[in-house]
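What follows is the residue order along each chain.
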Amino acid sequence: MEWGRAMRDLSTAIDHLSVEDPSEIPRLQLTEQLIELHWQMARLQAEIARRTSVRRPGR
């Protein structure tokens, strides 16, 4: 995944969650949003690890 795109996706997801009142979001939708945010953060962490040689490529 492209670094800039990953940062934009994560920023967008955080922005969406920050402007919404969680009490007004159906539980299923909130759960889906939180899971998607989690996966975006995980992908970003993996990209950071690859770029900083914390983890060898291919592992």
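This text goes with the structure placed above it.
What counts, and at which threshold
- Residues numbered from 1 in each chain as written.
- Predicted model: local features only at pLDDT ≥ 70, side-chain atom pairs only at ≥ 80, totals over all residues.
- Heavy atoms only, no water.
- Helix = DSSP H or I, 4+ residues; strand = E, 2+ residues; numbered from the N terminus.
- Buried < 20%, exposed > 50% of the residue type's maximum accessible area, 1.4 Å probe, protein only.
- Contact = heavy atoms within 4.5 Å.
- Expected span 1.5 Å × (residues − 1).
- Salt bridge = Lys/Arg side-chain N within 4 Å of Asp/Glu carboxyl O.

Draft legend 1. Local environment of the environment of Gln 45. Examined against the element boundaries, Gln 45 turns out to sit in helix H2 (residues 27-51). Classification of Gln 45 as exposed rests on a relative accessible area of 55%.

Draft legend 2. Structural view of the side chain of Gln 40. Here Gln 40 shows up in helix H2. For Gln 40, a relative accessible area of 10% puts it in the buried group. When sequence neighbours within four positions are dropped, the list of residues in contact with Gln 40 reads Asp 9, Leu 10 and Ala 13.

Draft legend 3. Representation of H2 in the model. Along its 25 residues, H2 runs 36 Å from first to last C-alpha, staying within 8% of the 36 Å computed at 1.5 Å per residue. Listing the buried residues of H2 in full gives Leu 30, Leu 37, Gln 40, Leu 44, Ala 46, Glu 47 and Ala 49. Looking one or two residues past H2, Ser 53 carries a phi angle of roughly 60 degrees, positive in sign.

Draft legend 4. Examining the pattern of salt bridges more closely. One pass over the full model with this rule turns up 3 salt bridges. Taking the shortest distance from any N to any O, the salt bridge between Arg 43 and Glu 36 comes out at 3.3 Å. Arg 43 sits in the partly exposed class, given a relative accessible area of 34%. Taking relative accessible area as the criterion, Glu 36 reaches 36% and is therefore assigned partly exposed. In this structure, Glu 47 and Arg 51 form a salt bridge, with 2.7 Å as the shortest nitrogen-oxygen distance. Of this pair, Glu 47 and Arg 51 are both found in helix H2, 4 residues apart, which corresponds to roughly one turn of the helix. Each of Glu 47, Arg 50 and Arg 51 takes part in one network of salt bridges that share partners.

As far as function goes, none of this settles anything; it's purely spatial.
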